[in-house]
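Examination of the molecular architecture
Residues per chain, in single letters:
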Amino acid sequence: MELDRERDQQAVAALDPAVRAAIAGMLSPQFSTKRLIDALQGWPDGALAYSVALRIAEDAGATDSMARHIIHGQIIPGILRSCGLVRFAGFIHGNPAEDDGYGVPSRWRRL
């Protein structure tokens, strides 16, 4: 399942400011998608943005699990690729602590 263009843009708009703030708050110049999502959900504004994006996906017909796959595997990586604040630094293989079960474990480097 994928979101239609309008709902995709709504999910990006809901998450983009919070993702940017989470990037700014990362202590290490390199971080994983999972660590970013954990940081995002660890503060009220980030958690609210995340829940709004999930609701957008669920309103489009996604189950909770499917909505998380969409947010973790498409929306957040898309924001990271387009925000100009980070660069993709590779996939993470063989590290279960970095695999949340919803997206491909990836590493990002702040610019």
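One can find the structure itself at the top, above this paragraph.
To start, this report covers the structure provided alongside it. (Residues numbered from 1 in each chain as written. Predicted model: local features only at pLDDT ≥ 70, side-chain atom pairs only at ≥ 80, totals over all residues. Heavy atoms only, no water.)

Re the pairing of strand 3 (residues 106–110)
Convention followed: In this analysis, strands are considered paired if DSSP registers two or more bridges between them. Numbering of helices and strands runs from the N terminus; a helix is a DSSP stretch of H or I covering at least four residues, while a strand is a stretch of E covering at least two.
Across 3 bridges, the pairing between strand 1 (residues 30–32) and strand 3 is antiparallel. Looking across to strand 3, one finds that Ser-32 is bridged to Arg-107. Where strand 2 (residues 86–91) and strand 3 come together, 5 bridges link them in antiparallel fashion. Directly across from Phe-88, in strand 3, lies its bridge partner Trp-108.

As for the environment of Asp-99
For clarity, the cut-off: We call two residues in contact whenever any of their non-hydrogen atoms come within 4.5 Å of each other. Here a polar contact is taken to be a pair of N or O atoms separated by no more than 3.5 Å, where protein atoms must pair a possible hydrogen donor with a possible acceptor and residues adjacent in sequence count only if both atoms sit in side chains.
Mapped onto the elements of the fold, Asp-99 is located in the loop between strand 2 and strand 3. In this structure the C-alpha to C-alpha distance between Asp-99 and Phe-31, which are 68 residues apart in sequence, comes to 13 Å. Once residues within four sequence positions are removed from consideration, Asp-99 is found in contact with Lys-34 and Pro-105. A polar contact is formed between the side chain of Asp-99 and the backbone nitrogen of Gly-101, at a distance of 2.8 Å.

Side note on the pattern of salt bridges
This is how it is decided: Each reported salt bridge corresponds to a side-chain nitrogen of Lys or Arg within 4 Å of a carboxyl oxygen of Asp or Glu. For every residue, the accessible area (1.4 Å probe, protein chains only) is compared with the maximum for its type, and the residue is labelled buried under 20%, exposed over 50%, or partly exposed between those bounds.
Evaluation of the coordinates by the stated rule reveals 5 salt bridges. Residues Lys-34 and Asp-38 are paired through a salt bridge, measuring 3.2 Å at the closest nitrogen-oxygen approach. Here Lys-34 and its partner Asp-38 are both found in helix 2 (residues 33–41), 4 residues apart, which amounts to about one turn of the helix. Judged by relative accessible area, Asp-38 falls into the partly exposed class, the value being 36%. Three or more residues joined by partner-sharing salt bridges are found here, namely Lys-34, Arg-35, Asp-38 and Glu-98.

A few points about the side chain of Ser-32
Within the element layout of this structure, Ser-32 appears in strand 1. Ignoring anything within four residues of it in the chain, the contact list for Ser-32 reads Ile-92, Glu-98, Ser-106, Arg-107 and Trp-108.

Some thoughts on the nonpolar core
Rule in force here: Note on terminology: a nonpolar core comprises buried Ala, Val, Leu, Ile, Met, Phe, Trp, Tyr and Cys residues joined through side-chain atoms within 4.5 Å.
In terms of nonpolar packing, the biggest core is built from 29 residues, with Leu-15, Leu-36 and Ile-71 touching the most fellow members. Sort the elements by how many residues they give to this core and helix 4 (residues 64–82) lands first, with 7 residues. Look past the residues within four positions of Ile-71 in its chain and what remains in contact with it is Ala-11, Leu-15, Tyr-50, Ala-53, Leu-54, Ile-76 and Pro-77.

Focus: the sheet that holds strand 2
Remark on secondary structure: sheet strands pair via backbone hydrogen bonds, oriented parallel or antiparallel. Short version of the rule: Fitted lines through C-alpha atoms give the axes, limited to the stretch in contact for helices. The angle between two N-to-C directions lies from 0 to 180 degrees.
Read from one edge of the open sheet, 3 strands run 1-3-2, paired in antiparallel fashion. The two strands at the open ends of the sheet, each matched to only one other strand, are strand 1 and strand 2. On average, adjacent strands in this sheet sit at an angle of 30° to one another, irrespective of strand direction.

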